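Analysis of the macromolecular model
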Amino acid sequence: MGASFSHLGLSNDVVSSVVSLPSSNTGKKSSSKSKNLQRWTSSGLSTPRDSEHYTDLDDDWDSNVENCLTSVNSQPKFIENKPTFEYPLIRKISSGVKSSTDDGALALYAPHILQEEESHKELEEMNAKLSRYHRFKHLVEESTVDMDKLKKMAWNGIPSELRPISWQLLVGYLPTNSNRREAQLHRKRQEYLGLIEQEFTKEKDAQTWHQIEIDIPRTNPRIKLYGFKSTQRSLERILYLWAVRHPASGYVQGINDLATPFYQTFLSAYIKDETDVTQFDPSTLPKDSIDAIEADTFWCLTKLLEGIQDNYIHAQPGIIRQVNELKDLVRRIDTELSNHLDDENVEFIQFSFRWMNCLLMREISMESTIRMWDTYLSEPNGFSEFHVYVCAAYLVKWSDELKKMDFQAIMMFLQDPPTKNWTEKDVELLLSEAFIWQSLYKNATAHLRG
Amino acid sequence: MSSRKKTLLKVIILGDSGVGKTSLMQQFVNGKFSQQYKATIGADFLMKELVLDDKTVTMQLWDTAGQERFQSLGVAFYRGADCCVLVYDVTNPKSFENVSLWRDEFLVQANVKNPENFPFVVIGNKIDVDESKKLVSLKKAQQFCANLGNLPLFQTSAKEAVNIDQAFDVIARNALQQEENDEFQDEFNDAININLESENQGCAC
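Residues numbered from 1 in each chain as written. Chains lettered and ligands numbered in written order. Predicted model: local features only at pLDDT ≥ 70, side-chain atom pairs only at ≥ 80, totals over all residues. Heavy atoms only, no water.

1. Points about unusual backbone geometry
Its identity is not glycine, yet Asn220(A) carries a phi of approximately 40 degrees, on the positive side. Tracing the sequence through the fold places Asn220(A) in the loop between α10 (206-215) and α11 (229-245). If you check the backbone angles, Asn111(B) has positive phi at about 55 degrees while not being a glycine. (Helix = DSSP H or I, 4+ residues; strand = E, 2+ residues; numbered from the N terminus.)

2. Some points on the environment of Asp257(A)
Residue and element names in this part refer to chain A. The topology assignment puts Asp-257 in helix α12 (residues 255-268). For Asp-257, a relative accessible area of 2% corresponds to the buried category. A sequence separation of 95 residues divides Asp-257 from Ser-352, and the C-alpha atoms of the two residues are 17 Å apart. The contact partners of Asp-257, leaving out residues within four places of it in the chain, are Thr-219, Cys-358, Met-361 and Arg-362. (Buried < 20%, exposed > 50% of the residue type's maximum accessible area, 1.4 Å probe, protein only. Contact = heavy atoms within 4.5 Å.)

3. Some details on helix α1 (residues 21-30) of chain B
Residue and element names in this part refer to chain B. Counting buried residues in α1 gives 9 out of 10 residues, a clear majority hidden from the surface. For α1, the set of buried residues is Lys-21, Thr-22, Ser-23, Leu-24, Met-25, Gln-26, Gln-27, Phe-28 and Val-29. Just beyond α1, the residue with positive phi is Gly-31, at close to 65 degrees.

4. Quick notes on the state of the cysteines
Residue and element names in this part refer to chain B. Here the structure, examined in full by the defined rule, presents 0 disulfides over all chains. The closest cysteine sulfur to the non-disulfide-bonded Cys-84 is located on Cys-83, 7.0 Å from its own sulfur. The exposure class assigned to Cys-84 is buried, which follows from its relative accessible area of 0%. (Disulfide = S-S within 2.5 Å.)

5. What to know about the pattern of salt bridges
Applying the stated criterion across every chain yields a total of 26 salt bridges over all chains. The salt bridge partner of Asp44(B) is Arg354(A), with a shortest N-O separation of 2.7 Å. Here Asp44(B) is found in strand β2 (residues 43-52), whereas its partner Arg354(A) is found in helix α16 (residues 348-357) on a different chain. This pair shows no difference in class: Asp44(B) is buried, exactly as Arg354(A) is. (Salt bridge = Lys/Arg side-chain N within 4 Å of Asp/Glu carboxyl O.)

6. Focus on the UniProt feature "domain: Rab-GAP TBC" (unreviewed entry) in chain A
The positions UniProt marks with the feature "domain: Rab-GAP TBC" (unreviewed entry) are residues 157-380 of chain A. Secondary structure within residues 157-380 of chain A divides into 62% helix and 0% strand; the distance between the first and last C-alpha atoms comes to 16 Å. (UniProt positions renumbered as here; feature names shortened; annotations may be inferred.)

7. So, the side chain of Glu379(A)
Locating Glu379(A) in the fold gives a position in the loop between α17 (366-376) and α18 (382-396). Although Glu379(A) lies buried, it forms no salt bridge, and the closest oppositely charged side chain, Lys442(A), sits 5.5 Å away as judged by the N-O distance. (Lys, Arg positive; Asp, Glu negative; His and termini not counted.)

8. Quick word on the packing of aromatic side chains
Scanning the entire structure with this criterion turns up 31 aromatic pairs over all chains. Measuring from centroid to centroid gives 5.3 Å for Tyr376(A) and Phe383(A), while their planes differ by 85 degrees, and the two rings are edge-to-face. An aromatic cluster of at least three residues, connected via ring pairs, comprises Trp155(A), Trp167(A), Phe262(A), Phe266(A), Trp373(A), Tyr376(A), Phe383(A), Phe386(A) and Phe435(A). Above the ring of Trp299(A), the side-chain terminus of Lys188(A) is found at 3.8 Å from the ring centroid. Looking at Lys48(B), its charged tip hangs above the ring of Phe28(B), at a distance of 4.9 Å from the centre. (Phe/Tyr/Trp six-rings, centres within 6.5 Å; stacked < 30°, edge-to-face > 60°. Lys NZ or Arg CZ within 6 Å of the ring centre and 35° of its normal.)

Okay, here's the thing in structure tokens:
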């Protein structure tokens, strides 16, 4: 089953004539390539990779290791709070699609008032959505999840009901072996609570705490969820704990943004289908659930930041590297635009620093960000490498407009691009464009840097 | 010739995180205040046209991030600045202590020609709070500014739009003065270069 780009606004013909699609074979290939690239990059950079030099406290675990362990002695005799484990495996599918596999159920969505063609089209879309949901559900419910398959499917977007478990699998927090999950989750959640206890009973690092405290009320201030005390206290604990356990970087503004897609997604698994998570006050949940959401968010954020930690250490070399890569890339993709920016004395760092520091979260909506992360989490180095191609696609999208502007107009435009109301389709088009750029230029970039 | 040229004034706003830099800029440029600003990352760019004694100038304002980690970015944003605004929060003594550090940091990174004469303006923000919460006295601030070479000082409230236009009027005038000095210096330098060239030509003959 080949990946289809037709729903992204690209015909399969166009895409396949240019690049190879992320089928499982090419997926493997590109992943080994990217490993080489990464090895190459790390030796070519003057800045050491974090794993070699920083005393980060959370590098010593990986759910993949868990997967390799035999299950002897692995199941704890008693699991406390058994009901809270009700790991939000599968919630009832919502948003207009019923979970029945019975084709007859689709008749429900064919109101006779609609004209034939329109209803046909809608029916087809519903049908596709439904069958996709079931294939996805089947995949994550396997006793051992096929990660290659999951990545391939998740790249094109994860049904929201299945996103919590899928993200936790993709990020490497949840073991692929379903028999191991309960014990692993229990252990990591207990560990988190222990660490919180340990850090919050001693004197706090005043500077770190002050910075986090002034940033929490400024985190997604327009989304109601982030105005609730309960949300703010959870984020405070997550960020502070991460900061003190990663002294090489500590808390850097923007990391607060990165915690929120995880938080919101994992929270969504604990609330009723019809409730909008962005309006939900988490204090109405039992403490066990809040603790679990917090712990899962903390560990997944930790995993994500492991891949981009040099974005936040002194002098932020990861961001500088990405900004330079973006500049090189745009020069190749769109020479005219690149020349125009040069002529107008626009420096890439002036507008794209934030794109890297906050992973474009300041430019697009939370919804769009979450959809984007489905893909990032499915890419071998989504947040550190693929993101640069996404930024390139994002910039050249405005090429025609930008080429008519002077320095001031360019800066004002890129300060506040008209993408806050982007729909899922817009994001998917951006991602597919980025995929094409990556396929065309990834090796070329590596070659030139060599 | 310089009078016909469009005058651009580049202004940098510095200060600790949370002192109200973004709010000051938004109040000055857009005349509004919001509780919903996100923390600035890197630097935001704003512009505003002003008329100073019949002369129209365009201010390019760089609203920077306050967290220390972003300081290495300075070079990319400070270069070519005509004035630097140092902001502290009257309720936060630490932010006041750091004003001189921000000044030093700016001078190092911006690579200005005459550090002693470079125009800084100091702003103590959030004067709308209760008297009991004001922990940096006006007197202390005045003394500090006098010691640094009589830097202009303004006490403002971005929230209630107090003293904003007055402060930015002085900022713009000082920036304009600086810009004209720079231009004069550049012309002076050019003249020297021309002399050197003609001398060389003379030798060749």
